[in-house]
Amino acid sequence: MNILHVSKAASFDLQISNIAPDKSISHRCALFSLLSDKTSIVRNYLRAEDTLCTLNIVKSLGAEVKDESGILYITPPSCIIEPPSILDCGNSGTAMRLFMGFLSSCSGFFVLHGDKYLANRPMKRVAEPLRNIGAKIDGRKKGDLSPICIRGGGLKSFDYKSPISSAQVKSALILSAVNSKNDMPSIFSEPELSRDHTEKMLKGMGADIRCESGKITVYPNKKPLQPLDITIPADPSSAFFFAAAAAVTPNSKVTLKNVLLNKTRIEAYKILQKMGAKVEFVKKDEKYENIGDIIVQHAPLKAVEVSENISWLIDELPALSIVFAHAQGISSVKNAKELRVKESDRISAVVQNLKLCGIEAAEKEDGYNIKGGEFKSFKVQSFGDHRIAMSFAIAALACGGVIEDTECINTSFPNFIDILSKLTRVE
Ligand code: S3P
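Note that this is a predicted model, so its numbers are computed, not measured. (Residues numbered from 1 in each chain as written. Predicted model: local features only at pLDDT ≥ 70, side-chain atom pairs only at ≥ 80, totals over all residues. Heavy atoms only, no water.)

It is worth spelling out unusual backbone geometry at this point. The omega torsion of the bond from S146 to P147 falls at 5°, within 30 degrees of zero and hence cis. Looking at the secondary structure, you find P147 in strand β9 (residues 145-152). In the Ramachandran plot, Y288 falls in the positive-phi region, its phi being about 65° despite a non-glycine side chain. Mapped onto the secondary structure, Y288 falls in the loop between β16 (278-287) and β17 (289-297). Non-glycine residue N309 carries a positive phi angle of around 50°. Relative to the helices and strands, N309 resides in the loop between β18 (305-306) and α10 (317-324). By relative accessible area, which is 24% here, N309 ends up partly exposed. (Helix = DSSP H or I, 4+ residues; strand = E, 2+ residues; numbered from the N terminus. Buried < 20%, exposed > 50% of the residue type's maximum accessible area, 1.4 Å probe, protein only.)

Following this line, the structure appears as structure tokens:
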């Protein structure tokens, strides 16, 4: 088991240009390349455990992947291969759910599995709507838990109103519709817009997808899509750990270079702004998505209530909880039940760990309350969850701390500790 010892940090002014590439977009680049008949070119693909699992699955389904000087050339097979062994999604819910949608539309038999954490995450949210349009999906607990077995093909169109705002559910259904062999359009809607990379990227590849008044209409492909030619920007969710570090460390500032600025992904930075930190967005580029720099500077922080746009914040709430613990007053998170079914139960993990840091925190069914206070040196565990491990590494900058079981950081941000060591001593 890896144990991370992090010392108290002095103030810093740092420019970071090697934040991990965006995880959501990396997964999609690998998978979506299967929808074309030509070679996709992907620069700056995230080489972390989760997205390497997706790339391996794409290879197992018949794609040829060449890595030339760090650039990936992904050539799809003329027809998806029925792999002789299980497809390993590792720790990645995104991989499992997006492949469930895509493979339901491919003829063949496929088995998806992952690690012990993924094996306990709910898949019914995708399995059920896909079954309703004719997919044959099974797994443990009546198809809710992996291993997930799929016999794909022969899907009907749908008009599905998702009860939750989830980009994974939305993407799975859109993929099943784009790749379906029937002629009818499908319609998807969700309570609030979740991250929209799937719609944007597939439209960029030439798919007929129309987004109007909260409804997404997807027309099945008549012909293969255009290949991708993309440079993946830095991941705003990974960058946020260092934004939080600058916000809570007196006299500190960080410049995060070439970050994805999609509005569904930068809400946590807006919460920092609301709490009093100085945050600036400098847009530099636009291809498939807006890209630019984010500058975050410390200022005295005040408590905040977070109850809206939760799906735009879901991955950053653990790191935000550390910022709440530094603010004046009691901050609260509501309507965030989804946190309980992420890589760990993040409501209970955050509250349990903050208490070990000497911070007053109360668990609620759909969120938590956190009272700003004085951190004391601590030892916490990650619960096998990369975002819990990295959030508490940032918490340790205030007072020194130990985080146990930190291998999970490699699922999304393998150079996190290298960057952290520019702020403080890390062993
Ligand atoms: C993701 C969607 C989010 C997020 C996850 C990545 C994606 O989950 O938490 O880390 O790439 O589609 P939801 O399905 O809850 O939106």
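Let us keep going from here.
Our next topic: the packing of aromatic side chains. Counted under the stated rule, the structure contains 8 aromatic pairs. Each ring, one from Y269 and one from F281, has its centre 6.3 Å from the other, and the planes form 75°; the classification is edge-to-face. Within this pair, whereas Y269 is found in helix α9 (residues 267-275), its partner F281 is found in strand β16, the two being separated by 12 residues in sequence. Overall, Y269 belongs to the buried group, its relative accessible area being 0%. Just above the ring of F281 sits the side chain of K270; from NZ or CZ to the centre is 5.9 Å. (Phe/Tyr/Trp six-rings, centres within 6.5 Å; stacked < 30°, edge-to-face > 60°. Lys NZ or Arg CZ within 6 Å of the ring centre and 35° of its normal.)

In this section: the domain arrangement of the protein chain. The domain architecture assigned to the protein chain consists of domain 1 (3-21 + 233-420) and domain 2 (23-231). Relative to domain 2, the C-alpha centre of domain 1 lies at a distance of 28 Å. At the interface, 32 residues of domain 1 touch 31 residues of domain 2. Area buried by domain 1 at its contact with domain 2 is led by P21, Y288 and T411, which between them contribute 27% of it. Inspection of the region where domain 1 meets domain 2 yields 4 salt bridges. (Domains from an automatic or database assignment. Contact = heavy atoms within 4.5 Å. Buried area = accessible area lost by both parts, 1.4 Å probe. Salt bridge = Lys/Arg side-chain N within 4 Å of Asp/Glu carboxyl O.)

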